[in-house]
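Understanding the architecture of this molecule
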Amino acid sequence: MTDSPSRSGVFAASMDKRLEAFSESISFDYRLYRQDVRGSIAHARMLAKQGLITDEEFSQIESTLREIEAEIAEGKMPFRFELEDIHMHIESQLIERLGDIGRKLHTARSRNDQVNTDFRLWIRDALDELDALLVDLQRAFLSRCEKDAGVILPAYTHLQRAQPVLAAHYWLCYVEKLERDRGRVADCRRRVNVCGLGTAACAGTTLPIDREMTANELGFESVAANSIDVSSDRDFVIESAFVLATIAEHLSGWAEEWILWSTVEYNFIKLPHEFCTGSSIMPQKVNPDTLELTRGKSARVIGNLQTLLVLLKGLPLAYNRDLQEDKPPLFDSFDTVKATLELAAPIVSGAELQLDSIGDRLEKGYLDATTLMEHLILKGIPQRTAHHLVGTLVGLAQKDGVSLAELSDEQLKSAHKSLDSSVREVLGVEKAVKAFQSYGSSSPERVQEQVHRWREQLQ
Ligand code: ARG
């Protein structure tokens, strides 16, 4: 009978094959093999220190586990559904090679604390990888600040041309968003970095184990204080899925913007052709598929968060087999966001702003209207009045098909007696950008300060 090692002598029949296939997790949790080996070695080392196994037994367990790990890495471990998951695949190999010594590894441990620990170790590594990718993308945006120095773009609100801003100001906006993503990664990592190993099934163990030691061995910052909690807790999975979903949201918004910008209608940006696709029928097409998939795949990542929230809603304490379903959504979110970030960085660095059509667009749209209004406020005109007056001037200019700067002195005066030709000092997008003052604004000095700050931070 090749039945699961988790079926004790109490069973009168072996498992139905359909249940074996239904309940296996090896097809996805094989990804935890390195963490499982690492956790098992730390656990065995602790068992030896506590006299629960001998030093000689520990050293055989350790070297055999490393052998098994190397074989799995080489793809030499066939999946056997009757062994259910990665934990039992590795342990059964150990037992096959070491006999009774291998049978001692599971002392003072359950798969419930084991899987919690393995997944935390995996997520911790994944978060570190994610953080490095976020920095790469921040650097790509930062490097554009130099490349596009002095370039002015129209900023939009409601997707209507709003105010002129420096391109660098635009790029640093993404750097800020990504920095908040990094903050969430770091925050989440702290709660991931807690060791549940040794809490066993749900109540702890009667055996004299040392949980501090295993936690230290595995680089965890603290030891989880409640065994029932460890057995049931997947908050760290939800939180990681949320962190990933927020990154996916940011990337999706950026992708949408650049898809628009790359259209003939906007023609603000030319995407690097290595990351575009063609049409099988229309020879002229260069399609922004990478960006469309960035936007499209975010749906999966957002959906995975929902899946996890629903999965965990209303589960009674402590371990329930439902918990096994936590891995595919998180693995998928991580893989998707990782691949997206890896593509985003070279697209950001390689895209070219189309200065002619940007310049053309800057001239229309009365982007300097707000600056003119603020100029009037400085002359003592109440904001509401100034707002109304400038609106009237925009109306005049629109009727004549001219810019605000092109209005005649008489036209300016007709709106308000204090409007002399000195207003032209703030008109036109370049002057309007220079006129910004406030911290966080698009003024060239302010933006330069921010570029310096980020350069220092990201170098
Ligand atoms: N394959 C299971 C999982 O991933 C391992 C834990 C099983 N524990 C149990 N009590 N049946 O969740």
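An account of the accompanying structure is given in this report.

**A word on the site of the ligand**
- The ligand sits among Ser25, Glu84, Asp85, Arg111, Asn112, Val115, Tyr319, Gln324 and Lys327.
- One of the side-chain nitrogen or oxygen atoms of serine 25 is found 3.3 Å away from a nitrogen atom of the ligand.
- Protein burial of the ligand: of its 350 Å² of free accessible surface, 84% is covered by the chains.
- The element contributing the most residues to the shell around the ligand is helix α6 (residues 111-147), with 3 residues.
- Counted by class, the shell around the ligand contains 2 nonpolar, 3 polar and 4 charged residues.

**A word on the nonpolar core**
- In terms of nonpolar packing, the biggest core is built from 103 residues, with Leu137, Trp254 and Trp258 touching the most fellow members.
- Tallying contributions element by element places helix α10 (residues 235-261) first for this core, with 15 residues.
- Setting aside chain neighbours within four positions, we find leucine 137 in contact with Leu178, Leu251, Leu341, Ala344, Ala345 and Val348.
- If you look at the next biggest cluster of nonpolar residues, it comprises 19 residues, including Leu393, Val394, Leu404 and Leu427.

**What to know about unusual backbone geometry**
- Note the cis peptide between leucine 317 and alanine 318, where omega equals -5 degrees.
- With phi around 60 degrees, glutamate 84 is a residue other than glycine that occupies positive phi space.
- Tracing the sequence through the fold places glutamate 84 in the loop between α4 (55-73) and α5 (86-98).
- Accessibility expressed as a relative area gives 9% for glutamate 84, which makes it buried.

**Looking at the side chain of glutamine 411**
- Mapped onto the secondary structure, glutamine 411 falls in helix α16 (residues 409-415).
- Among the polar contacts made by the side chain of glutamine 411, one reaches the main-chain amide nitrogen of serine 408 at a distance of 2.9 Å.
- Residues within four places of glutamine 411 in sequence aside, it is in contact with Leu393, Leu396 and Asp400.

**Observations regarding the environment of proline 283**
- Checked against the element boundaries, proline 283 lands in the loop between β5 (269-270) and α11 (289-312).
- Separated by 138 residues in sequence, proline 283 and serine 421 place their C-alpha atoms 52 Å apart.

**Some points on the pattern of salt bridges**
- Per the stated rule, a full pass over the model turns up 37 salt bridges.
- Residues arginine 144 and aspartate 148 are paired through a salt bridge, measuring 2.9 Å at the closest nitrogen-oxygen approach.
- Taking relative accessible area as the criterion, arginine 144 reaches 0% and is therefore assigned buried.
- For aspartate 148, a relative accessible area of 6% puts it in the buried group.

**Some words on the packing of aromatic side chains**
- Counted by the stated rule, this structure contains 18 aromatic pairs.
- On the numbers, 6.3 Å between centres and 70 degrees between planes, the contact of phenylalanine 119 with phenylalanine 236 is edge-to-face. Of this pair, phenylalanine 119 sits in helix α6 while phenylalanine 236 is found in helix α10, placing the two residues 117 residues apart along the sequence. This pair shows no difference in class: phenylalanine 119 is buried, exactly as phenylalanine 236 is.
- An angle of 70 degrees between the planes, with centres 5.8 Å apart, marks the rings of tryptophan 171 and tryptophan 258 as edge-to-face. Pair noted here: tryptophan 171 is in helix α7 (residues 167-192) and tryptophan 258 is in helix α10, with a separation of 87 residues, a long-range link. Exposure class is identical for tryptophan 171 and tryptophan 258. Each is buried.
- Site record: aromatic cluster; members linked through ring pairs are Phe141, Tyr156, Tyr170, Trp171, Tyr174, Trp254, Trp258, Trp261, Tyr266 and Phe268.
- When the ring centre of phenylalanine 331 is taken as reference, the NZ or CZ atom of arginine 31 above it lies at 4.5 Å.
- It is arginine 124 that lies over the ring of phenylalanine 220; its NZ or CZ is 5.1 Å from the centre.

The rules we used
Residues numbered from 1 in each chain as written. Predicted model: local features only at pLDDT ≥ 70, side-chain atom pairs only at ≥ 80, totals over all residues. Heavy atoms only, no water. Near = heavy atom within 4 Å. Polar contact = N/O pair within 3.5 Å; in protein donor to acceptor, adjacent residues only side chain to side chain. Areas by Shrake-Rupley, 256 points an atom, 1.4 Å probe, with all protein chains shown as cover. Helix = DSSP H or I, 4+ residues; strand = E, 2+ residues; numbered from the N terminus. Nonpolar A, V, L, I, M, F, W, Y, C, P; charged D, E, K, R; others polar. Core = buried A, V, L, I, M, F, W, Y, C linked by side-chain atoms within 4.5 Å. Buried < 20%, exposed > 50% of the residue type's maximum accessible area, 1.4 Å probe, protein only. Contact = heavy atoms within 4.5 Å. Salt bridge = Lys/Arg side-chain N within 4 Å of Asp/Glu carboxyl O. Phe/Tyr/Trp six-rings, centres within 6.5 Å; stacked < 30°, edge-to-face > 60°. Lys NZ or Arg CZ within 6 Å of the ring centre and 35° of its normal.

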